[in-house]
Amino acid sequence: MSEFRIGDDDFLLDGKPLRILAGALHYFRVHPDQWRDRIRKARQMGLNTIETYVAWNAHAPRPGEFDLTGGLDLGRFLDEVAAEGMYAIVRPGPYICAEWTNGGLPAWLFASESVGVRRDEPQYLAAVEDYLRRLAPVLVPRQIDRGGPIILVQIENEYGAYGSDPVYLEKLVDLNRAIGITVPLTTVDQPEPAMLDGGSIPGLHKTASFGSRSVERLATLREHQPTGPLMCSEFWDGWFDHWGAHHHTTSVADSAKDLDDLLAAGASVNIYMFHGGTNFGFTNGANDKGVYQPIVTSYDYDAPLDEAGHPTAKYWAFREVLRRYNPEAVAEAPAEASAAPALRTRLTRTVPLSAVADALGDWSTHADVPTMEALGRYEGLAMYRTEIDATGPAVLEFGEVRDRALVWLDGRPIGVLARDHHDRTLALPADARGTLEVVLEDQGRVNYGPRIGEPKGLIAPAALNGRPLGPWRAAALDLTDLTAVRDAASPIDPALPAIPGATFAVGAFALDQPADLYLATRAWGKGSVWINGFHLGRYWSRGPQHTLYVPAGALRAGTNEIIVLELQSGSADVEFVPWPDLGHTDF
């Protein structure tokens, strides 16, 4: 057992000063088979601590559920940290941002329109209390005063950028203490006076988030945290990407100098990110500051360890800096990056999405278009069907589209309505009649700002030529089990020039042994990929990302299955390439 506390000038471990040299590593963005490798590489870079958020919505996808298994086994992750001789910082939120869907808040939490968001409101705080009590058996016995690795727990996350409700923060402190959290509690905010004042309360140690001008920003932090150690608990060494924008990178030399300046000033640090990982499945977030911008599948972040866990030039530069400030840094170093196996195969069977929709979703009838929440699912795809019989020109209109809708008439594609283009209306063919079908994609829930918690799907009212349109049959699709797709897929017609939109395509490839792979996506339009049932995430031809990372833990020796859901149009050819293509080439 050890004692960790905040002294007048330093963090103190058993009474002796400890400088925290931490790196952010989100267990929920890394295949669990790779946790230990990434933690070890953090220690080899010169770090002594691992920091992670806790993604509430990943653990609690439905009301009453709480999953701590497999890739969500936070206890195992923290035990791996301890086994490497490192400390841990845990940031359970409840709000985390993190470019993660809905900022980590469960979508079901907002079923009640009166529920609060990040404020002192009874429904919200009751749900937070339940969440923290479910985390207690994982976190409490793993605190450093119980023999575990946890030395700090953060309250909320950059709250000063959102609001100023000291009663809410006080109640979060009380909830954390009530479940048995005894280690020191911190807050983090950008080093702006209003944010530092609004984002914390007395008794919580303030830290800052920034990625440059270290000395200046530490001085601002010191003005608002006059005693105790200085800490940048989010040292931004890179950035995240949106679909349709450029891939973000930062200067290795500039980042290393800013890190050196920070450490030379005597501060502690958490490098955000040390290793970014991947937004597997439908977990990516989005930003909306007037224009909706969904975040890509890769969370590479231009971090010291790339998406596949390989050291980058930034890793070696940071390692050189850190070793000057960490007398206990190990001499061992990880291997350099190596090429992944290159191979080709083909998708050999297909089935239209509409043909398996009945097996993937529970259909119900509604007078107007329902949200995905009303249909009982909180991510992925929904389908809507109604009958139309128009005379002359016809214009289809919805209240709002969240986030992208493919419109079909009697099996023929008519057009696309895209939220990022503020589309709400679509001209249909003259005298349109028959079955109107809409395939709606939730492209990621907003993770920052006032639109957190908003519903997904088609937003009522629906109208045709200004008149109410309905009734509608609708279903949110469950894509966690694709058995129905495998069973229904039939051989591809060789005469088809490409896989059409809204179609599942199935294929296979062989490996002598599991290895990390990069799946090339430039020949495809827009969609998602599953390998051996593991959902790699989304792809989109607009880039900047043009490969999907395939962790070795999702593969097996021998035959491996690949299923592609193509929403636009794409080749039947499948190619795995040696290096990632995120919009730049570093190798």
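Refer to the structure printed above.
Visitor: Break down helix H3 (residues 74-83) for me, with residues and values.
Guide: For H3, the complete set of buried residues consists of Leu74, Gly75, Phe77, Leu78, Glu80 and Val81. In the core, the buried residues of H3 are packed alongside strand S4 (21-25), helix H1 (35-45), strand S5 (49-53), strand S6 (87-91), helix H4 (122-139) and strand S7 (150-154). Gly85 lies just past H3 and shows a positive phi near 75°.

Visitor: Residue-level account of the pairing of strand S27 (residues 517-520), with values.
Guide: A two-sided burial pattern is seen for S27, the buried positions comprising Leu517 and Leu519 on one face and Tyr518 and Ala520 on the other. When S27 meets strand S30 (residues 547-550), the two strands line up antiparallel, connected through 4 bridges. Paired with Leu519 across the strands is Leu548, a residue of S30. Across 2 bridges, the pairing between S27 and strand S32 (residues 573-577) is antiparallel. Directly across from Tyr518, in S32, lies its bridge partner Val577.

Visitor: Report on the pattern of salt bridges, specifying residues and quantitative values.
Guide: A complete count under the given rule lists 45 salt bridges for this structure. Between Arg43 and Glu332 there is a salt bridge, and its shortest N-O distance comes to 3.3 Å. You can see Arg43 sitting in helix H1 and its partner Glu332 sitting in the loop between helix H9 (313-323) and strand S14 (343-352), a full 289 residues away along the chain. For Arg43, a relative accessible area of 17% gives the class buried. You can call Glu332 partly exposed: its relative accessible area is 39%. For Arg486, the salt bridge goes to Glu561, with nearest N and O atoms at 2.6 Å.

Visitor: Provide a residue-level description of the environment of Glu99, including the pertinent values.
Guide: Along the chain, Glu99 turns up in the loop between S6 and H4. A residue is classified by how much of its surface remains accessible, and Glu99, at 8% relative accessible area, is buried. For the pair Glu99 and Tyr131, spaced 32 residues apart in the sequence, the C-alpha separation amounts to 21 Å. Contact partners of Glu99, with chain neighbours within four places excluded, come to Arg29, Phe240, Tyr272, Asn279, Asn284, Gly285, Ile295, Tyr299, Tyr301 and Asn447. A distance of 2.3 Å separates the side chain of Glu99 from the side chain of Tyr299, its partner in a polar contact.

Visitor: I'd like a description of the packing of H1 against H3, backed by residues and values.
Guide: The N-to-C vectors of H1 and H3 enclose an angle of 40°; their axes lie 9 Å apart at closest approach. The chirality of how H1 crosses H3 is right-handed. Counting all contacts with H1, which are made through Trp35, Arg36 and Ile39, the residues of H3 involved are Arg76, Phe77, Glu80, Val81 and Ala83.

Visitor: Provide a residue-level description of helix H5 (residues 166-178), including the pertinent values.
Guide: Taking 1.5 Å per residue as the helical rise, H5 with its 13 residues ought to reach 18 Å, and the 18 Å between its terminal C-alpha atoms agrees with that figure. Residues Tyr168, Leu169, Leu172, Val173, Leu175 and Asn176 constitute the buried set of H5. Considered in projection along H5, the buried side chains sweep an arc of 165° and stay on one side of the axis. For H5, exposure combined with an orientation more than 90 degrees from the buried face picks out Asp174 and Ala178. Those residues of H5 that are buried lie in contact with H4, S7, strand S8 (185-189) and helix H6 (193-198). After H5 finishes, the residue Gly180 shows a positive phi value of roughly 110°.

Thresholds applied
Note on numbering: residues in each chain are counted from 1, in written sequence order. Only residues with pLDDT of at least 70 get local features here, since the model is predicted, and only at 80 or more are side-chain atom pairs given and counted; chain-wide, interface and lining totals rely on the full set of residues. By convention in this description, side-chain values take in all heavy atoms of the structure and omit both hydrogens and water. Between buried and exposed lies partly exposed: a residue is buried under 20% and exposed over 50% of the maximum accessible area for its type, with that area taken using a 1.4 Å probe on protein chains only. Here a helix means four or more residues in a row that DSSP labels H or I, a strand means two or more in a row labelled E, and each is numbered from the N terminus. Only heavy atoms enter the contact rule, under which two residues are in contact if any of them lie within 4.5 Å. A strand pair is defined by DSSP finding two or more bridges across the two strands. Any Lys or Arg side-chain nitrogen located within 4 Å of an Asp or Glu carboxyl oxygen qualifies as a salt bridge. The definition of a polar contact used here is a pair of N or O atoms within 3.5 Å, where within protein one atom must be able to donate a hydrogen and the other to accept one, and adjacent residues in sequence count solely through side-chain atom pairs. Here, axes are lines fitted to C-alpha atoms. For helices the fit covers the stretch in contact, and angles between N-to-C directions go from 0 to 180 degrees. Handedness of a crossing is defined here by the sense of rotation of the near helix relative to the far one, left-handed for an anticlockwise turn of less than a right angle and right-handed for a clockwise turn. A helix is expected to reach a length of 1.5 Å times the quantity of its residues less one. Here the arc refers to the directions that run from the helix axis out to each C-beta atom.

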